[in-house]
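Analysis of the macromolecular model
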Amino acid sequence: MMHLGLSDEQQLIADTVREFVRNEIHPHEAQVDRSGEVPEELGRHLTQTVQSMGFAGFNFPEEVGGGGLDQVSQTLVERELGRGSYALTTFFPRPSGILMACEGEQRERYLLPAVKGDKFDALALTEPNAGSDVRGMQCYAKPDGDDWIVNGSKHFISHANLADFVIVFIATGEEQTSRGPRKLITCFLVDRGTPGFSIDKGYNSVSHRGYHNCILSFDDCRLPSSQILGELHRGFDIANQWLFGTRLAVAANCVGRARECFERTLPYTVEREQFGQSIGKFQGVSFKLADMITEIDAAEWLTLAAAWRVDQGLEANREIASAKLYATEMLARVTDEAIQIHGGMGLMDDLPFERYWRDARVERIWDGTSEIQRHIISRDLLRPLES
Amino acid sequence: MKALVTCKRVLDPYIKARINADGSAVNLDNVKMAMNPFDEIAVEEALRLKEAGSVTEVVAVSIGGPKSEETLRQALAMGADRAILVESDQDIEPLAVAKVLKAVCDEEQPGLVLMGKQAIDGDSNQAGQMLAGMLNWAQGTFISEIKIDGETANVTREIDGGLEKLSLKLPAVVTADLRLNEPRYASLPNIMKAKKKPLDKKPLADMGIDTAKRIEIVGLSEPAERQAGVMVDSVAALVEKLKTEAKVI
Ligand SMILES: Cc1cc2nc3c(=O)[nH]c(=O)nc-3n(C[C@H](O)[C@H](O)[C@H](O)COP(=O)(O)OP(=O)(O)OC[C@H]3O[C@@H](n4cnc5c(N)ncnc54)[C@H](O)[C@@H]3O)c2cc1C
C-alpha cells in the first residue's frame, strides 16, 4: 500500500531542518550573496551546530555513523535545505554517497570522518572539454609500478575550496567495443596537498554567489593504487550507483526553494494595493499564484514519489530524471513569476527574489542538463521497443 | 528530582497572525503551528538541569487537541523523557490551565515545574503564577538563570530596572524569560527515539475540573501599521526631523 502522508519522525525531521535554516542560514544569506564569501567562522559554526544536532551524514547508513534515514526522509531534509542558500547549506555535512565504496583503511581516512562532518569532500567529473559527455574526459592516469601518474584538469568543481579531499574520475585506459574505442574510467581519492595536484579558484557564477566552483590541475601527480575507490576501470559503476542521489537532492532543493519563494510572495499579493485594491484581487495575479502552487506541488510529488520508489527497491532512474527535469524547470518559472508579482522591487537586492531567480538558473545545468535528463527519460521509454 | 515542563501549541511565531473574516478569532486553519517559544526555553532548561545532574526525569505536558501530540513529540525529540497530553478540543483559559496542571502535579509530584513566562498567543502571563498559588509552592517568574542547590533553587529574575535574585524552597514553579537560554534543535537520534518514548493521554473531560469560560472576547483588531523608517544623512538632518516632523524636541 502507498502512504501519502509523512510519519511523525519525517515531519519532525523536516520541521527541525526548516527551523535550522530559518535561524542559522537566512539571517546571513543576503550578506553572503553580496560579498561572495562565507566568513570562515560562520561556516565552522554551521557545521558544528549540525554535528551537535546529529544530522551530519544523515544520508549515510547507521553502520558508518550516518543518520540511517530512508530515501524519503533524506529527500525531506534536502527539500528543507533548499530553502537556504547553497553557499551556507554546503556546511551541512552530507558527503557523496560514493564514499560507501571505501574499503579497508579508506574507511578510516575518508568515509568515517566525512560522515561525521570532520572532513569535507568534493566530486570531480567535469572537464573543460568533457561536460555532458563525461566519458570524453581527457584527464588520464598512466601506470608506473604500483602507482599512477595523473595529468589533466577538471573544472566547475563545487566547493572544492573547502574540500580536504576530492573524489576524481580519471581515464585509466581504453577498450575496443563494436562501436569503436571507449575510455575506461577509474575513481581516485585525492588529498588536498598531494604533490602535483592543485585546487584553484574557478569562475564567478551568476548563481549561488559564495558557493565556489574550482579548477583542479594534475601535473605529473603520483597516486598510489591504494587511492583507487572501487575497482580499477570501474569508476562509472560506483558513480551510476550513487549519482542518482544527487539528482534527487537537486530536485528536492528546487522544491524547497520554490516553496520558500512562494511563501514570501503570497502575502505581498494581499498587502500590495494598486487601483484601490490588493493586487491579489486581480485575476492576472491570482492565476499566477494558482499556477505556481500547482507546479510546486506537482514537482514535490514527483520528487517524493521517486524517492519512495528507491525505498521500495524499484527501478527509479527515469522517475528521478523526471523529478530533476521538472523541479528545476518549475523553479525557473516560479522565481520568474515571483519577480513579476513584485514588480520593480522584485529585481532589487533589498528583496531575495532576484537572488532566487539567479540561483535557479544553474539547476537546469548541473548534475545533468535538462536535455540530458530528457535523453535519459526518452531512452528509458524507447530502448525496450528497439531491436 | 522530577521536572515537569509545559508545552503549548501556538501559531508559529514567524507567521503573521490574521484575524478571521468575522473578527472572532485569529485564523488557525491551515497555518503552521509550533511550540510556544518560551516553553521551548523551559524545555531546554529542564534538559540542561538534567545534564547537570540536578534533575533525573523531564516530563513534558501539554493541554490541547490531538495535534498537540506533535508539540510533545518535539519536546521528546529535544530530549524529554516522557510526555502527558491532556486532551481538550477547546483552548482553555489560564485559570483552567492552572487547575489542570495542579491536578497533573498532584499525580506526578515533580520537584520543579518549568513553564514559559507566557504563551505568545494569549500573552496572558498568568498560568505559572496561579499554579504556584494553588499548589502553595514558591514561584520565580521571568527567570534568566536557575541553579539547583540541594533543596533550593536559586533564580535570577528579570524585573523592571534590573535583576532580582531569589532563593526558592523546592518544590517550586518557575517561568522562563527569553534570556534564560537558547533552545537546542531536536537531534536526529532523539527524533528517531521520540516515537518510542511514552506519551500518555488523558481526556480533560474525565478530570472533573471546572474549565468554564470566564472571559469574553469582545473584539480583535490588527495592530496599527508601523510607518517605514527613513535614513538621514547627518545629525543636523536628524535634529531637524525630530523638531519639525516628530515634534519631540
Ligand atoms: C556552478 C556549477 C557547479 C558544478 N559543479 C560540479 C561538480 O562539483 N562536479 C562536477 O563534476 N561537475 C560540476 N559541474 C558541471 C556540470 O555538471 C556540467 O556543467 C554539466 O554536466 C554540463 O556540462 P557543460 O557545462 O560542459 O555543457 P555541455 O555538455 O557542453 O552542454 C552544452 C549544451 O549542449 C547540450 N547537450 C550536450 N549533449 C547533448 C545531447 N547528447 N543531447 C542534447 N543536448 C546535449 C547541453 O544540454 C547544453 O545545453 C558544475 C557546473 C556548474 C555550472
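Predicted model, so just to flag it, every value in this text is computed and none were measured.

Definitions and cut-offs
- Residues numbered from 1 in each chain as written.
- Chains lettered and ligands numbered in written order.
- Predicted model: local features only at pLDDT ≥ 70, side-chain atom pairs only at ≥ 80, totals over all residues.
- Heavy atoms only, no water.
- Domains from an automatic or database assignment.
- Contact = heavy atoms within 4.5 Å.
- Buried area = accessible area lost by both parts, 1.4 Å probe.
- Salt bridge = Lys/Arg side-chain N within 4 Å of Asp/Glu carboxyl O.
- Disulfide = S-S within 2.5 Å.
- Buried < 20%, exposed > 50% of the residue type's maximum accessible area, 1.4 Å probe, protein only.
- Helix = DSSP H or I, 4+ residues; strand = E, 2+ residues; numbered from the N terminus.
- Pairing = 2+ DSSP bridges.
- Expected span 1.5 Å × (residues − 1).
- Patch = residues over 30% accessible without salt bridge, like charges linked within 9 Å, V, L, I, M, F, W, Y side chains within 5 Å.
- Areas by Shrake-Rupley, 256 points an atom, 1.4 Å probe, with all protein chains shown as cover.
- Arc of directions from axis to C-beta.
- Axes fitted to C-alpha atoms, helices over the stretch in contact; angles between N-to-C directions.
- Near = heavy atom within 4 Å.
- Polar contact = N/O pair within 3.5 Å; in protein donor to acceptor, adjacent residues only side chain to side chain.
- Nonpolar A, V, L, I, M, F, W, Y, C, P; charged D, E, K, R; others polar.

As for the domain arrangement of chain A
All names here are of chain A. Parsing chain A into structural domains produces domain 1 (8-94), domain 2 (121-237) and domain 3 (243-385). For domain 1 and domain 3, the distance between their C-alpha centres works out to 20 Å. With 18 residues of domain 1 at the interface, the matching set in domain 3 holds 25 residues. For the pairing of domain 1 and domain 3, the buried interface totals around 1800 Å² over both sides, and the portion due to carbon and sulfur atoms is 48%. Among the residues domain 1 hides against domain 3, the three largest losses belong to Gln71, Arg83 and Tyr86. Together they make up 33% of the total. One can count seven salt bridges joining domain 1 with domain 3. Salt-bridge contacts for Asp33 lead to Arg358; the nearest nitrogen and oxygen are separated by 2.7 Å.

Points about the state of the cysteines
Residues and elements named next belong to chain A. One pass over the full model with this rule turns up zero disulfides over all chains. The cysteine Cys139 is free of any disulfide, with Cys221 supplying the nearest cysteine sulfur at 9.2 Å. Looking at the unpaired Cys261, the closest cysteine sulfur is the one in Cys254, lying at 12 Å. Here Cys261 falls in the buried class, since its relative accessible area comes to 0%.

Side note on the environment of A:His26
Residues and elements named next belong to chain A. Mapped onto the elements, His26 comes out in helix H1 (residues 8-35). Residues His26 and Ile149, 123 residues apart in the sequence, show an inter-C-alpha distance of 44 Å. Once you skip the residues sitting within four places of it in the chain, His26 turns out to touch Val21, Arg83, Gly84, Glu260 and Arg264.

Here we look at the interface of chain B and chain A
On the chain A side, the residues contacting the 18 residues of chain B number 23 residues. When chain B packs against chain A, close to 1700 Å² is buried across both sides, 60% of that on carbon and sulfur atoms. Considering only the side of chain B, the residues that lose the most area to chain A are B:Tyr185, B:Leu188 and B:Ile191, jointly responsible for 41% of the buried surface there. On the surface where chain B and chain A come into contact, there are four salt bridges. Two residues, B:Asp12 and A:Arg22, come together in a salt bridge whose shortest N-O distance is 3.1 Å.

A word on the pairing of strand E1 (residues 2-6) of chain B
All names here are of chain B. Counting buried residues along E1, five of its five residues qualify, which places the element largely inside the surrounding structure. By the alternation rule, side chains of E1 split into Lys2, Leu4 and Thr6 and Ala3 and Val5, which are all buried. Pairing analysis gives five bridges linking E1 to strand E4 (residues 57-64), with the strands arranged parallel. Within the sheet, the bridge partner assigned to Leu4 lies in E4 and is Val59. Examined bridge by bridge, E1 and strand E6 (residues 112-116) share three bridges and lie parallel to one another. The residue of E6 that forms the bridge with Ala3 is Leu112.

Some details on helix H1 (residues 37-51) of chain B
Residue and element names in this part refer to chain B. Relative to the 21 Å expected for 15 residues at 1.5 Å per residue, H1 spans 21 Å between its end C-alpha atoms, a close match to the ideal helical length. Of all 15 residues that make up H1, 11 are buried, and the element is covered over most of its length. Just beyond H1, the residue with positive phi is Gly53, at close to 90°.

Details of a nonpolar patch on the surface
Judged by side-chain polarity, A:Met345, A:Leu347, A:Met348 and A:Trp357 come together as a nonpolar surface patch covering roughly 380 Å² of accessible area. With respect to the element layout, A:Met348 can be found in the loop between helix H8 (317-342) and helix H9 (353-363).

Considering helix H2 (residues 40-52) of chain A
Residue and element names in this part refer to chain A. Across its 13 residues, H2 extends 18 Å between first and last C-alpha, which sits within 8% of the 18 Å expected from 1.5 Å per residue. Buried within H2 are the following residues: Leu42, Gly43, Leu46, Thr47, Thr49 and Val50. Seen along its axis, H2 keeps its buried residues to an arc of 160°; they face one direction. In H2, the exposed residues that point more than 90 degrees away from the buried face are Glu40, Glu41 and Ser52. In this structure, the buried residues of H2 make contact with H1 and helix H4 (86-89). Gly54, located one to two residues past H2, shows a positive phi value of around 70°.

Quick word on the sheet that holds strand E9 (residues 162-169) of chain B
The strands making up a sheet associate through hydrogen bonds between their backbones, and the pairing can be parallel or antiparallel. All names here are of chain B. One open sheet accounts for nine strands, arranged E9-E8-E7-E10-E6-E1-E4-E5-E11; its pairing is mixed. The open sheet has two free edges, formed respectively by E9 and strand E11 (199-203), since each of these has just one partner strand. On average, adjacent strands in this sheet sit at an angle of 30° to one another, irrespective of strand direction. Where strand E5 (residues 82-87) and E11 come together, five bridges link them in parallel fashion. Each bridged residue has a counterpart across the sheet, and for Val86 the counterpart in E11 is Lys202. Sheet contacts for H1: E1, E4, E6, strand E7 (138-149) and strand E10 (172-176); angle to E6, the most-contacted strand, approximately 150°.

Examining the site of the ligand
Residues and elements named next belong to chain A. Near the ligand, the surroundings consist of 16 residues, among which Thr126, Ser132, Phe156, Thr369 and Glu371 are the closest. In this structure, Ser158 approaches the ligand through a side-chain N or O atom, which is 2.7 Å from a nitrogen atom. For the ligand, an oxygen atom lies 2.7 Å from a polar atom in the side chain of Glu371. With the chains in place, 62% of the 960 Å² that the ligand exposes on its own is no longer accessible. Put simply, the parts of the chain that give the shell around the ligand at least two residues each are strand E1 (121-124), strand E3 (147-158) and helix H10 (370-382). Element by element, the count of residues in the shell around the ligand is highest for E3, at three residues. In terms of residue class, the shell around the ligand is made up of nine nonpolar, five polar and two charged. A domain split of the shell around the ligand shows at least three residues from each of domain 2 (121-237) and domain 3 (243-385).

Some thoughts on the pairing of strand E2 (residues 140-144) of chain A
Residue and element names in this part refer to chain A. Where E2 meets E3, five bridges bridge the pair, whose relative direction is antiparallel. When the sheet's bridge partners are listed, Asp144 is paired in E3 with Asp147. The antiparallel hairpin formed by E2 and E3 contains two residues in its connecting segment, where Gly145 sits at a positive phi of about 65°.

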